[in-house]
Each structure stands twice: as structure tokens, then as C-alpha cells.
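What follows is each chain in one-letter form.
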Amino acid sequence: MAMAIMDDHGAMEFESKLESAIATVARVLHTTRHPKIANQVHHRYDDKFGLASWCTNISIASQLNCLSRLGLSQHHVTILQGWVEGGSSVSLRFRAEETCDFSCEVSREVDEPNKYKEEVRSRGRMSRTFFSSKVVTTITEYIWEFKAKWELCVVRGVGEVEGDVLVLSSTACEHNIKTSTKSSPRPEAVVPAKMAEVDITWLISQLLSQDGPIPSDNEGAPSNVASKVASKVPAFTIDRASPACKTPRRNPEVENALGYFIRFRAWSQDVCSYFFNNLFNIQRAPGQNMAALSSLGTVFVPTVPLFEEGHDPTVGWTEGQGPADLAHDGTSVIATLGAPSSPNPLSAEVVGGEASVCLGSADANAFLSEEYRSMSVKLSDVAQTLPSDDSLITTSNGSVCVVLRHCMKVCAAMGESLNFIEQMLRKQLVDAIGKHVTPHDFSEYMVYHNRKLFHGDYAPRPFSYGVRRTANHSPEGTLSILSRQSSSAIAEPIMTLVSRGETVATPPMTFPISAAANVTFNGERYLHAHLLHTFSGTSASTLEISAQARQFSSMMVMVGTISSASSFEPKYAAIVQNKDELTIPLELSTIPTPKEFKEAVVSISPKQQAFAKMFRSMQLASTLFGVVVVQIKPALEQILNLPPDSLTKELRLTQDLMELFIEYQIPTDLLKYDTEPAGGGGGGGGGG
């Protein structure tokens, strides 16, 4: 599943967020550096691919460094790389368990705040006595011991054996719940209370290891000496030679990257929801300060699509720069972007004498360093705000939420950056053309293109024909197939490739007019091919047949399918005469291609395959659409045994004949012209 392509409004919102990030970038880089938002810097098309790789690689490094806060070490990553290279999948799994047991029963007395006074007077003497009383309520409370335990681990495959699971971190916490009845507020045991898993095989497969051994202590555990451990270098690249690579955003590599970050973001959201909506709600008290967990504005997100002119990406790189240089709190950063000389897509490149405007590896590592520093400050704030005991809302649990919520922001920034590159490319294309290209505009371009590509005799022609007997006769009317982009647009004839068949060389065809009668016809035949253009998200243009007849002219139009080389099956027919105008909408439908059909039937039963093939044969038999035009005057002259052109100027006679045939359905034999007089069968010849 891919993220939606950014529109103009989304691009403006993203640019406004980048403005605040640029202020942080200005503090991170040297004062002489002035990177800008990518669309504000003159660049080449290749730079967009470099920027897409840069954003993806720095997002990979950022996520690995965030996971190091949750227990992932460089030694772990090396093991995971071995798993992936061995063909195994690797998943990140969060698992929680909950129990709730009865602890004790506590009774306590609660004094009512109101006191009652009573005065007593004696009759014998003038004396008064006062008594005071109050109500004391005994409250019985039931204490339940709620315990929760969670662990975060990486799993090879399904985790069949013990060696397939590496535990990164785990925490046990508890809280006493008070109730007024001896009824458990939570289930006695929920195992698992939460199970969330995300595949991180793609993430691990994108890493390279810089030269250097992976030290370990005597027990095989990873060493804490960061400066001696080889850092992991993201090596994401886009295969521009692949036919599937369309743009820096639309290619298989970026689609896979986006799919991974979308899944990881959903997993992080799922885990955070467990803490906020489940564990924390059990202990949360009114007025408790949770701002440290909800506000992440101070943590820097390193994924920013920036360009800078006149800067060499190799400048600023120091040999030996690695994880130790990016660590500020004694822990290890496990991923950095490699030196320009390493196998890294961020190396400086000069094409056509013009240097790349992409930021370099040193800049990326400076961004990662700032992210790591700001995250350390944020986690320190959480440690000062929340306790470090074994309760539910603690520094340990809060830190997990902060780190995962930051991972969600990095995932979102990565998707927005790549979509911003695509939107930038789209906007530049629109600016170059001067308008948004619609399917109608593209059809007009194809007319222009075909005019230059084809010879005049073979170029596509408008489907608009005059219906006439010969070239020396005036048209009886016109027949067209029109395309209309919208209900308010002007309909225009479609452009078709045409092949004309000679009357002498083509055999006659037939069509049925009833179950017992067929009509044989011949004449000029045209085979047309038309290519419709449409864009994703837009509706195709509507097609319609338009037949128009002139005054005192008539023709019959039949619409149907061609079932074979000699038969036509009409579906609809109409007589168009005397300035009539007939419009028939054409409803088009698509059928699967041969490849799609083959892939669809490969896994169904033999009987279903046979039925699908027969049904497809029926569909293919009706895919050749046909229109037959019969001129009525020549047909009348032939059926009434009249000389050719005899009805051309007999307007009144033609109208009367049409009325007799259509309205009164007079048989043609009653009106047929006999060439010999009745009864003159040759009797005069015998007298000779």
C-alpha cells in the first residue's frame, strides 16, 4: 500500500513545516551553509533521484538509531543481517501480558463532615446541657494487584526455537486497583494482552557494514565501546535502468520503501495505543502531567528534502567519523551515512559539468547527530517528569512511547518528502506546458503527433462520412461517431485508423430481419481502429453515434456486431429521413486481456475453466462493433425494378412510396414495375 500522492494544498502545508525545520538546520550546519527547500533551488532531473535516495537512507538510519534506544545494538543488527542473507524473514514483535489478582480487604472509617448539636434543659433549675454527635461510615475497599509485563524482541521466521528470538528490552510493572465491590476490575489473566508484529526484513536488507570487527565480551554479548564497532550504512538505491522506473517517486524500490514505512508507522501507533489507552489509563490520576509524552516538537526530524547550490557534498567529511562521534550520552549510534568514497548513493556526482546540489553524507550525519541529541534531551525530560519505580506510568514505559511516536513522525516525513518530490516534478511539468493536461488535451496532442508520424494515406481520420450513392451524387446525410468529454462539451468526431475494402473484392454479407428471412447486402466496407485515452482518477469520454439526414433524403442505420466474415447481427435499427437527427449513446465495457484471463483461470477447476473459456468466446464474438447504412432510394429502385437514378428527382413519388411501405406495409410485388405488358406472353409470334 502506497501513500497518496500530494496535491498542491498538501505541498504548501509540507513547505510550511519545512520552514521551521530549516531554522534547526541553520543551527546544525556551518554559518556559511544555506540549504533551501528543494523546489527553490535550480537542479537537474538526476538530483531528484539523488534526493529520493538521500531521504530514504537518512530515514533508515534514523529508525535504526531510534530502535537503539529500545535495546537494539550493532551486534544485534549484525545477527539480523546474517538471518536475512540466509533467506529468513525478520520481524519486530511487541508482546504484553496482564494479570489481576485479589490482594486484600481494607476497612476504614470516614467521618461525615457535618456535626449535630442537641440542647437539653432541666425543669428544676435554670441549667442547659449540650450534646454533639456525628456520623461515622465504615468503608470496605478491595485491593487488586494488577501486573503487566511486556517485551520487545526480534524474531527470525516464526520463532520456532529459542535461538530465533532476540529480546531487546522488557519491563514488568504493577499497580494496586481499589474497588468498592469484590468484583475483579480486570480479567484474571490476559495472555497475550497485546501482540503486535511488523516485518523489518526490508530494513535490514538495506544495510552495509563498514570495515571493522564486531567486538564481543567473554560471554558473547556486544561490547559497549562504540568507537570500536562498525557502523551500519544504509545502501538504498533506485534502479533507473528498470523499465518499471517511471519517476523518482514511482518505481519499485521507492514503493517497497514506502510500504515498509507505512507498516512500521501502523505498528508503532498500535503499540503506543496500548500504553496510552490501556496501561496509562489504569493509573492516570486527574491533573497528572503527561505533556512530556505528548509533545515531541523539540525532537529534530532529519528527513528534510533540501538542496544547496555551490556546495561540494564531500566537504566536511572527516575520516573516522562514525557512531562514536554522534553519541552524546555514552550509548551507541548504530547507523550513519558512509563516506563519499564508500559504496553509498550520496557520493558527489558531476554530470554534464554541473555538480549535484544534493546534501552530502557529512550533512546527513550532522542531522542524525542533532536528532540523537534532541532525543536525549527529550528522554531526560521524561526521566525528570515520571518516576523510575515499578508503577505503570514510568520513565521506561514513557520512553518507549516517545521513541515510537518519533519513529511515526520520521515515517510520515519520509512519505511526505517523496510525495513532495513527485509533486514538485508534476508542478514543473505543468509550468512548462502552461496548463493541466486532460485526456482531451492528450487526444489533441496525439492527433498532432500522428499527423507527423504517419504518411497522409495512413494517418488517422475523423469518423465522419457522407452517405451518398456515388461521388457525383449529393450526400443523403452524414454518419459520425462523436466523443464528448462532458455533458457541456462540444462533441467531436473520433480519430480512427481506416482500412477500406473494395466492393468487388469483398464477398456479400447477410443479416436477419426475422427468424425466416435474411437480407444479403454488399457495398463499401471500412474497418476502423480507435484508441481511447484516459488518466487515472478521471472518467473516460462518452461516445455516441450521430446520423443526420438531409431534406427529402432517407437512409436506414443499423447498429450491431459482426459475428463472422459474412454475417452481421443488428441490435438496433432506425430510419432517418427529412432532416432527422439520430443519436445513439455507446456504452463501452472492457474484458480481461489474454494474460489476465490466463492468470485468473489457472487456479480454478477444469469445469470452471471450460465455462470461462466458452463465456469468453461469446464476449470476443461481440467485440467487433459494426454499423450498416442502407440508402433507401437505390434500394427502392432495385426492389421496384426501376432504372437507376429514376427516383432521384421524384421527390413526391419517393415520399408516397415510403408512406406505403412504412405506414401501410404494402407488399413490394403490388408496386413493382413490370417491364412487359400484362398478358403479352408471345401470342403474336404464333401467327407468323
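Overview of the structure. (Residues numbered from 1 in each chain as written. Predicted model: local features only at pLDDT ≥ 70, side-chain atom pairs only at ≥ 80, totals over all residues. Heavy atoms only, no water.)

Looking at the pattern of salt bridges
Our working rule: What makes a salt bridge here is a side-chain nitrogen of Lys or Arg within 4 Å of a carboxyl oxygen of Asp or Glu, nothing more. Only protein chains enter the accessibility calculation, which uses a 1.4 Å probe; a residue is then buried when its area is under 20% of its type maximum, exposed when over 50%, and partly exposed in between.
One pass over the full model with this rule turns up 21 salt bridges. Between Glu255 and Arg249 there is a salt bridge, and its shortest N-O distance comes to 2.7 Å. Judged by relative accessible area, which is 2%, Arg249 ranks as buried. Of the charged contacts in the structure, one is a salt bridge between Lys435 and Asp441, with a shortest N-O distance of 3.2 Å. Linked through salt bridges whose partners overlap, the residues forming this network are Arg44, Asp46, Asp47 and Arg240.

Brief notes about the nonpolar core
In plain terms, the rule: The criterion is simple. A nonpolar core is a set of buried Ala, Val, Leu, Ile, Met, Phe, Trp, Tyr and Cys residues joined through side-chain atoms within 4.5 Å. Secondary structure elements follow DSSP: runs of H or I no shorter than four residues count as helices, runs of E no shorter than two count as strands, and numbering proceeds from the N terminus. The contact definition used throughout considers only heavy atoms, calling two residues in contact when any of these lie within 4.5 Å.
If you look at the biggest cluster of nonpolar residues, it comprises 105 residues, and the most contacted ones within it are Leu92, Ile200, Trp267 and Phe275. Looking at this core element by element, the count peaks at 15 residues for helix α5 (residues 252–283). For Leu92, the residues in contact, after removing those within four places along its chain, are Leu67, Leu152, Cys153, Val154, Leu168, Ala196, Glu197, Val198, Ile200, Phe264 and Trp267. Residues Leu479, Leu543, Ala547 and Leu586 belong to the second largest nonpolar core, which totals 15 residues.

Quick word on the packing of aromatic side chains
Going by this rule: By convention, a stacked pair of Phe, Tyr or Trp rings (six-membered ring in the case of Trp) has centres within 6.5 Å and planes under 30 degrees apart, an edge-to-face pair has planes over 60 apart, and any other such pair is tilted. In this analysis the charged atom, NZ for Lys or CZ for Arg, is taken to sit over a ring once it is within 6 Å of the ring centre and within 35 degrees of the ring normal.
Scanning all chains against the criterion turns up 25 aromatic pairs. An angle of 80 degrees between the planes, with centres 5.5 Å apart, marks the rings of Phe276 and Phe280 as edge-to-face. Here Phe280 and Phe276 lie together in helix α5, a separation of four residues that amounts to about one turn. An identical accessibility class is assigned to Phe276 and Phe280; each is buried. An aromatic cluster is built from Phe94, Trp150, Tyr274, Phe275, Phe276 and Phe280, whose rings are joined through pairwise contacts. Residue placement shows Arg616 over the ring face of Phe597; its charged tip is 4.8 Å from the ring centre.

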